[in-house]
Amino acid sequence: MRCPALLFSVLLLACDAEAPKAEPAKAEPVKVEPVKAEPVPVTPTKPAPDAKEACAKIVVVAWQGAEGTEETVKRDEATAKSEAETLREKLIGGVALEVLATTSDEPKTRAKAGAMGTYEREKWPEKYAAIKDAVFALQVGEVSAAVKLPHGYVVAQRCAVEKIHSRHILVRYKGAKNAEAAIKRDAKAARKLADKVHTEATAAGADFAALAKKYSEDGSAERGGDLGSVGRGMFAPAFEAAAFALKAGETSVVVETDFGFHIIQRVE
């Protein structure tokens, strides 16, 4: 009979219709951890060296026959170069240039503990033109390679620019450096006059500029003894030591140099 089969089919369809539909599986949210960027190490950079003005100290190693060489120099050029390179290594190793300058073959800078001076690029002395670019490329404290100049191999060290504004009164004596022929007093008489001027200059209310115009035997006299702002290495050693030791407004004791006797005042 067909009825039971039909009934079975109807029941089957009914069962299918009543069966619950399967829900789609819900994906669990994925937790994403933030990526921590590793810090990138920064290499500190050196400040750019001053391109306008530089202070330099030097040691000179000459050879026999070099320009202006002292008679005591007997080494040949190859030996001079080798010795200059050795001095450079000592400087890099921490030996003070002032110590090595005592053996320098250039009398002028040797007398100033190696100080060549402080100069603007445009006013760099022609004698040291060959080391100008080398010095301006250095940081303060750094040392150049040994550079050949007509008067010897030069090793330079850049120094910090330090300036002082000062004025002075100069009393000369016969035979002093740059003393005019008209000056007839001897060193003893010059010192006596310098002491007198010093007493006047250090008296309460003294006008230093007026005294410089009255007594000073130097080209700065007409400016009241004003020497302007000058960097280290430019003055005679005794003058420089005394001037830089002063505080603004102070006046030095009488200072003797090859030029005569100075009374120095530091300007504000």
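One can find the structure itself at the top, above this paragraph.
Residues numbered from 1 in each chain as written. Predicted model: local features only at pLDDT ≥ 70, side-chain atom pairs only at ≥ 80, totals over all residues. Heavy atoms only, no water.

J.: Which parts of the structure should I look at to understand helix H7 (residues 208-215)?
T.: At 3.6 residues per turn, the α-helix brings residues three or four places apart onto the same side. Residues of H7 that are buried include every one of Phe-208, Leu-211, Ala-212 and Tyr-215, and no others. Along the axis of H7, the buried positions cluster into a sector of 105 degrees, meaning they face one direction only. Exposed residues lying more than 90 degrees from the buried face of H7 are Lys-213 and Lys-214. N-capping of H7 is provided by Asp-207, with a side-chain oxygen placed 3.2 Å from the backbone N of Ala-209. (Buried < 20%, exposed > 50% of the residue type's maximum accessible area, 1.4 Å probe, protein only. Helix = DSSP H or I, 4+ residues; strand = E, 2+ residues; numbered from the N terminus. Arc of directions from axis to C-beta. Polar contact = N/O pair within 3.5 Å; in protein donor to acceptor, adjacent residues only side chain to side chain.)

J.: Quick question: what am I supposed to make of the environment of Trp-124 here?
T.: When you line up the elements, Trp-124 lands in the loop between strand E2 (115-120) and helix H5 (129-136). For the pair Trp-124 and Ala-54, spaced 70 residues apart in sequence, the C-alpha separation works out to 9.2 Å. Ignoring sequence-local partners within four residues, the contact set of Trp-124 consists of Ala-54, Ala-56, Met-116, Tyr-119, Ala-129, Ile-131, Lys-132, Val-135 and Phe-136. Within the structure, Trp-124 has its side chain in polar contact with the backbone oxygen of Tyr-128 (distance 3.0 Å). (Contact = heavy atoms within 4.5 Å.)

J.: When you look at the packing of aromatic side chains in this model, what are you seeing that I'm missing?
T.: Ring pairs (aromatic) are described by centroid distance and by the angle formed between their planes. Under the criterion given, the structure shown has five aromatic pairs. With a centroid separation of 5.5 Å and an interplanar angle of 55 degrees, the aromatic rings of Trp-63 and Tyr-153 are classed as tilted. Of this pair, Trp-63 sits in the loop between strand E1 (53-61) and helix H2 (77-92) while Tyr-153 sits in strand E4 (residues 152-159), placing them 90 residues apart in sequence. The residues Trp-63 and Tyr-153 share a single accessibility class, namely buried. (Phe/Tyr/Trp six-rings, centres within 6.5 Å; stacked < 30°, edge-to-face > 60°.)

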